[in-house]
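# Remarks on the overall topology
Each chain is listed here by its residues.
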Amino acid sequence: MTTIPSDRPIAASLRGAFTAHRLNWMDVGIWVVAIGAYFVVPTYLSLGTTVLIMILFTLSLDLAVGYGGIDTLGQGAFFGVGGYASAYWALNVTGEPISGLVVGAVAAAILGIITGPIILRARGLTLIMLTLAITSMLEEFAVTAKSITGGDDGLTGYHILPVLGLFRFDIYFRTAYFYALIVLAIAFVIARIVVNSPFGLTVRGIRENPVRMRLLGVPIRTRLIGLYTLSGAMAGVAGALSAQVTGLIGTDTLTFLVSGNALISLILGGFGRLYGAFLGAALFYIFSDRAAAIDPFHWLLGLGILLILAVRFMPNGLIGLTEQFQLFRDRRGGRGLDRSGP
Amino acid sequence: MSDILQTWAALTFNGISFGMILFLISSGLTVTLGVMRLVNLAHCGFAMIGGYFAMAAVDYLGFGLLASLPVAIVGTMIVAAVIERTLFRWVYGVTELSQILMTIGLAFVMVALCNIIFGPLLHALPIPGWLTGNLDVAGVVVSTYRCFLIVVAGLIAIGIWYVVEGTDFGARLRASVDNPRMARCAGINVRRIFSFTFTVGCGLAAVGGVLGSQMLPIEPFYALNYLILVLIVVATGGLGSLKGSFTAALIIGVIDTWGRYILPSGGGFVMYAIVLVVLLARPQGLFARA
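Residues numbered from 1 in each chain as written. Chains lettered and ligands numbered in written order. Predicted model: local features only at pLDDT ≥ 70, side-chain atom pairs only at ≥ 80, totals over all residues.

## Here we look at the overall build of chain A
Our working definition: Starting at the N terminus, helices and strands are each numbered in turn, a helix being any DSSP run of H or I of at least four residues and a strand any DSSP run of E of at least two. Exposure classes come from backbone-placed C-beta atoms, where a residue is buried if 20 or more other C-beta atoms lie within 10 Å of its own, exposed if 12 or fewer do, and partly exposed in between. For the purpose of contact definition, each residue receives a C-beta atom placed from its backbone, and two residues are in contact when these atoms lie within 7 Å.
Secondary structure summary: chain A contains 15 helices and 2 strands in total. Within the span of chain A, comprising 342 residues, buried residues form 48% of the whole. When contacts within chain A are restricted to residue pairs at least 6 apart in sequence, long-range pairs at least 24 apart make up 79% of them.

## Remarks on the overall build of chain B
Quick reminder of the rule: Radius of gyration here uses only the C-alpha atoms, and the compact-globule reference equals 2.2 Å multiplied by the residue count raised to the power 0.38.
Across its full length, chain B holds 12 helices and 2 strands. The C-alpha radius of gyration of chain B comes to 19 Å, within 12% of the 19 Å expected for a compact globule of 290 residues. Each of the three principal axes of chain B carries a C-alpha extent, and together these read 60 × 50 × 35 Å. Relative to its 290 residues, chain B shows a buried fraction of 50%. In chain B, the proportion of contacts linking residues at least 24 apart, taken out of those at least 6 apart, comes to 75%.

## A short note on the nonpolar core
Cut-off, in case you're wondering: We define the nonpolar core as any set of buried residues of the types Ala, Val, Leu, Ile, Met, Phe, Trp, Tyr and Cys, connected via C-beta atoms lying within 7 Å of each other.
In terms of nonpolar packing, the biggest core is built from 199 residues, with A:Ile55, A:Leu56, A:Ala180, A:Val237 and B:Val230 touching the most fellow members. If we skip the residues at most four places from it in the chain, B:Val230 touches B:Leu22, B:Ile25, B:Ser26, B:Leu29, B:His43 and B:Cys44.

## Observations regarding the interface of chain A and chain B
In this assembly, 36 residues from chain A lie in contact with 39 residues from chain B. Of all the secondary structure elements, the ones that give two or more residues to the side of chain A that touches chain B are α6 (124–144), α12 (256–269) and α14 (296–313) of chain A.

## Re helix α3 (residues 65–91) of chain B
Basically, it comes down to this: Axes are fitted to the seven residues ending at a residue and to the seven starting at it; the angle between these axes is taken as the bend at that residue.
Where α3(B) bends most, the angle comes to about 45°, and this point is B:Glu84. For α3(B), the secondary structure elements touched by its buried residues are α14 of chain A together with α2 (43–61), α4 (96–118) and α8 (190–211) of chain B. B:Gly93, located one to two residues past α3(B), shows a positive phi value of around 85°.

## Overview of the confidence of the model for chain A
Residues and elements named next belong to chain A. So the rule is basically this: Known as pLDDT, the predictor's confidence for each residue is given on a scale from 0 to 100.
Looking at chain A, pLDDT values average 80 and 89% of them are 70 or higher. Confidence, expressed as mean pLDDT per element, reaches its minimum in chain A at helix α1 (residues 10–18) with 52 and its maximum at helix α11 (residues 220–246) with 91. Low pLDDT (under 50) marks residues 1–7, which in the prediction has 18 contacts with non-local residues, meaning those over four places away or in another chain. Within the model, the stretch residues 334–342 combines pLDDT values under 50 with 12 contacts to residues more than four positions away or in other chains.

## Some remarks on the pairing of strand β2 (residues 140–143) of chain B
Residue and element names in this part refer to chain B. To keep it simple, the criterion reads: Between any two strands, at least two bridges found by DSSP are needed for them to pair.
Taken together, the 4 bridges between strand β1 (residues 134–137) and β2 define a ladder with antiparallel strand orientation. Each bridged residue has a counterpart across the sheet, and for Asn134 the counterpart in β2 is Ser143. What sits between β1 and β2 in their antiparallel hairpin is a turn of 2 residues, with Ala138 showing a positive phi close to 50°.

## Digging into the packing of helix α4 (residues 75–92) of chain A against α12(A)
Any two packed helices are characterised by how steeply their axes cross, that is the angle between the axes, and by the distance between the axes. Residue and element names in this part refer to chain A. This is how it is decided: As a rule, the C-alpha atoms of each element are fitted with a line to give its axis, helices using only the stretch in contact, and angles between N-to-C directions run from 0 to 180 degrees. Left-handed describes a crossing in which the near helix is turned anticlockwise from the far one by less than a right angle; the clockwise case is right-handed. All residues other than Ala, Val, Leu, Ile, Met, Phe, Trp, Tyr, Cys, Pro, Asp, Glu, Lys and Arg, Gly among them, are scored as polar; the first ten of these are nonpolar and the last four charged.
Axis separation between α4 and α12 bottoms out at 7 Å; the angle between their running directions is 120°. Here α4 runs over α12; the crossing is right-handed. Of α12, the residues touching α4 (which contributes Gln75, Gly76 and Phe79) are Val258, Ser259 and Ala262. Class assignment of the residues belonging to the contact of α4 with α12 gives a composition of 3 nonpolar, 3 polar and no charged.

## Regarding the environment of A:Ser86
All names here are of chain A. Within the fold, Ser86 resides in helix α4. Judged by the 32 C-beta atoms lying within 10 Å of it, Ser86 is buried. Each C-alpha atom of the pair Ser86 and Gln244 lies 7.6 Å from the other, and the pair is 158 residues apart in sequence. The residues touching Ser86, leaving out its near neighbours within four places in the chain, are Gly100, Leu101, Val103, Gly104, Ala240, Ala243 and Gln244.

## Focus on the packing of helix α5 (residues 97–119) of chain A against α6(A)
Residues and elements named next belong to chain A. Closest axis-to-axis distance for the α5/α6 pair is 10 Å, and the angle between their directions is 145°. When the axes of α5 and α6 are compared, the crossing they make is right-handed. Where α5 abuts α6, its residues Thr115, Ile118 and Ile119 lie against Leu127, Leu130, Thr131 and Ile134.

## Description of the confidence of the model for chain B
All names here are of chain B. Confidence along chain B averages 84 in pLDDT terms, with 97% of residues attaining 70 or more. Mean pLDDT per element in chain B: β1 is the minimum at 74, and α2 is the maximum at 90. Predicted as a complex, the structure gets a pTM of 0.80 and an ipTM equal to 0.81.

## Looking at α4(B)
Spelled out, the test is: Expected helix span is computed as 1.5 Å times (number of residues minus one).
Here α4(B) contains 23 residues, and its C-alpha end-to-end distance of 32 Å stays within 8% of the 33 Å for a straight helix at 1.5 Å per residue. A positive backbone phi angle near 85° is found at B:Gly119, which sits one or two residues after α4(B).

## A few points about the environment of A:His298
Position of A:His298 relative to the elements: it lies in helix α14. Residues A:His298 and A:Phe39, 259 residues apart in the sequence, show an inter-C-alpha distance of 31 Å.

## Here's the deal with unusual backbone geometry
Backbone geometry places A:Leu274, a non-glycine residue, at a positive phi of 60°. Topologically, A:Leu274 is positioned in the loop between α12 and α13 (275–294).

Given below as C-alpha cells:
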C-alpha cells in the first residue's frame, strides 16, 4: 500500500532529496513567525508553547507516516511514555530538564524497539489496529497501576529546575516557549538530516516499493524498526517537554484522540514534507484552542466540514497548496520544473 | 449449580448479547472495507443516527421501541444513501489516509449536529413492559431483554447468512468482495452492489444502535466512543468476512465482559491484549479472504 500521492514528477522528488542544504523562504519564514510570536502576542505564550510541542509531536508522526508509510494511530503511546518517564525522573531523581528530555526519548525509544517488530509485521488496517491496541493497553495500564502512574490523576507535584541552571521556568511561559522552540529546532534539523540521508532515502524507497527495495538488498524490517524507534523517541521528547512545562502528565495523553489529532494535523498540513507538520499542527491547535473556548460543539462542526473540504480540494494538504503556488510561479517565470537549484 | 458457575454463565450470556449488538453495528463496515476498501470511520455515526431517529419517534410520535425500529432503519438508510451518493463518491480510490480524514470529519459533523439537535444527554430507549424483568434459564438468572436481543440479532444474522450464501444477490456480492475486477468483467455492477450493501449495512447499524441503547447509550459522542470497538471487531474478524465479524464480535463481547469482571479497574485491558495476540497470529484476521 502506498500512502503518498505520487503525482510529483520524479525529477522534482529527486531534486528535493539531493538539495538538503538549499534554503527556501519556508526555512526562514516559519522560524521568523515563531520568534516573532513571542514579541507580538506575549499573552498567548502558554498556547504558543503547546503549539510548538504539538508541532514536534506531529513532526515525529511525519517521520513514521509520511516517510516510512507506517500508518499509525498509536503515536500517543510514545508521547505518554516519554511524558511519564520524564515526570518520574523529575519526581525521583532530579528536576534537571535536559536530562529529563533524554530520559523521555530513551523510554519512548525502548517502547519503539519492543513494539516495532510486533506491529511492523502487518500493513494497512491491521497495522492501525495493532498500534491502537498497544496504546489502549498502555492507557488501561496507566489508569490501573495507580502506585506507579497516579491513575486517573496522573503525575504532578514535581519541580523542574532552571534550564542549564540559568533560565527559570516562569508562569508566563517565557522560558518554556524558547525552551520548546529550541528543542523543536534541534529536532527539525535532525529530522531533515535523517530524511535526506541514505537511510532516509531507503525508507522512502520502502514506502514506495518494498519488494523492489528487498531485491536491492535493503533489510526492510530493520530499517522500518529504526525509523519507527526514531520517530517514537522524538514523540517521547515532545511528551517530556509537555510534562515539564505544564507540570502534569495524565492518562489523557494516551488516548486515541491525541494520536488522532496529530494525524489530522499532519494530513491537513501535508505529510512526507516535514513543514507540513508545522503548518497543520499550528493551524489545528490554535484553531481548536480558540474555537473550543467559544463553543466546543460548533468547533467540531467546523472542523468536520473543514476536513471533508480539505480532502476534496487539497489532497496534498496546505503544504501541497504552497507547492502548487510555487509551480505556478515558476511557470509564469518561464522556468521549467526541473531546473537545477541555485 | 454452584454460585461461581452461575456468575460466569450469566457473564457469558451478557457477553453474547453485547457481542450480537457489536455484530449488527460492524456487519456493514466489514463489507464496506472489504468491497470498496473504504475506511469508513463514520460508520458508528449511522448507528447513532438510527438511535436518534428511534428516540424522536418515541418522544414525538409516542411510538414504542419496536414500532420505532422501522422508522430508525428507513431514516438511517435514506441518510446513508444520500451521503454515499454525495460525499463518499469523492473518496473512492484515494489514499487510505485521505479516507480516514474525510470520514472522521463526517463523524465530527454528525456528533456536532446531533448535539445541536438533541442535546448532550445520554439516552436509553424505553423497553416495552413484556420485555422487562428476568428469566430463569436452567438456574441462571438472565434479563428478558437480553434474551430478546440474542434472538432478534440471531435471526438477523441467519437472514444475512441466507442472503449472502443462498441468493443470487449474495453470489454477486461475494464475487465483488473476492475479486472486484473479475466481478466487473463478468457483468456485475459492483458500484451498484456496493451502494446497496452500504445502505443496508447502515440500516443494520441502526438496528444495533436502537436495540443496543441499554448497553451503549445514545449520545452525541456515540459516533466516536464505540468506533474503536467496532473497528477492532472488523479487523479481528478479517476484512470483508461476515462470518469473521460474527465470530469476532461474539468473542470480543464475551471476553470484554469477562475482563471487566476480573479486572474492573483495568477496563478493556484483557480485550486489547487478546486482540493483539489474535492479530499477531493472524495479521489478516480470523477469517481472512483467500
